Amino acid sequence: GENVEQHPSTLSVQEGDSAVIKCTYSDSASNYFPWYKQELGKRPQLIIDIRSNVGEKKDQRIAVTLNKTAKHFSLHITETQPEDSAVYFCAALRSGTSYDKVIFGPGTSLSVIP
Amino acid sequence: GAVVSQHPSRVICKSGTSVKIECRSLDFQATTMFWYRQFPKQSLMLMATSNEGSKATYEQGVEKDKFLINHASLTLSTLTVTSAHPEDSSFYICSAFGTDTQYFGPGTRLTVL
């Protein structure tokens, strides 16, 4: 089955700096890679996703890159703000099948220091 | 966007009792729903896949007789934690796929005394 690794486990940045979180996956058949932000005690919120037919996607301060050959993908947050502080999870799955279970990475706790 | 609800949001029970958690897709039909468990400062771990009208599929290491799943309709899946013990205390989250992405319920905080 799919196995997703994520680094770093914790990350502290100064407000305004960039933050990068990296993930690797094992199943070459995975073709959908969402990123979730989870605040304490709340549900995960989808912040950006990428499918295997593109290498990069950007939405304002957030971008995701995908390297299918190396089976890794990264989340980039620019101009970080204190409200970006949360736990971020990457995930990988085979979208489009009848069994779209999401396997999450272990998470990255991001702290943005004002 | 699509909405998934969970009930209750928080439950405290005594050891040995059973607790039922409901997961509903409010504005879409979900033939498949997923149940996750999340311990403090850890990731979401998939427990089982709930399939409407058929048996649930459990992940390795998850006791099917302890975590009973029923998916009787296209909008409702239930998870029953039977004979709960303190080690079952956790945050339980369900999810369902809408048209193009997965939507999570708000979660249920279970505390077993």
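Here, the structure is the one placed above.
For clarity, every value in this text was computed on a predicted model and none was experimentally measured.

Caption draft 1: Quick peek at the packing of aromatic side chains. Applying the stated criterion to the full structure yields 12 aromatic pairs over all chains. Judged by centre distance (4.7 Å) and plane angle (45°), the rings of Tyr 25 of chain A and Phe 33 of chain A are tilted. According to the relative accessible area criterion, Phe 33 of chain A is buried, its value standing at 0%. Between Phe 104 of chain A and Tyr 36 of chain B, the ring centres sit 5.4 Å apart and the planes meet at 80°, which makes this aromatic pair edge-to-face. Here Tyr 36 of chain B lies in strand β4 (residues 32-38) and Phe 104 of chain A lies in strand β10 (residues 103-104), a pairing that spans two chains. Taking relative accessible area as the criterion, Tyr 36 of chain B reaches 0% and is therefore assigned buried. Within the aromatic cluster, the residues linked to one another by ring pairs are Tyr 36, Phe 89 and Phe 104 of chain A together with Tyr 36 and Phe 104 of chain B. Sitting above the plane of the Phe 67 of chain B ring, Lys 66 of chain B keeps its charged end 5.9 Å from the centroid.

Caption draft 2: Quick look at unusual backbone geometry. Here His 7 of chain A and Pro 8 of chain A are connected by a cis peptide whose omega angle stands at -5°. Along the chain, Pro 8 of chain A falls in the loop between β1 (4-7) and β2 (10-14). For Gln 60 of chain A, which is not glycine, the phi dihedral falls at a positive 55°. Topologically, Gln 60 of chain A is positioned in the loop between β6 (56-59) and β7 (62-67). Of the residues examined, Gln 60 of chain A reaches a relative accessible area of 71% and is grouped as exposed. Of note in this structure, Lys 41 of chain B is not a glycine but carries a positive phi near 60°. Tracing the backbone shows Lys 41 of chain B in the loop between β4 and β5 (45-51).

Procedures and definitions
Residues numbered from 1 in each chain as written. Chains lettered and ligands numbered in written order. Predicted model: local features only at pLDDT ≥ 70, side-chain atom pairs only at ≥ 80, totals over all residues. Heavy atoms only, no water. Phe/Tyr/Trp six-rings, centres within 6.5 Å; stacked < 30°, edge-to-face > 60°. Buried < 20%, exposed > 50% of the residue type's maximum accessible area, 1.4 Å probe, protein only. Helix = DSSP H or I, 4+ residues; strand = E, 2+ residues; numbered from the N terminus. Lys NZ or Arg CZ within 6 Å of the ring centre and 35° of its normal.

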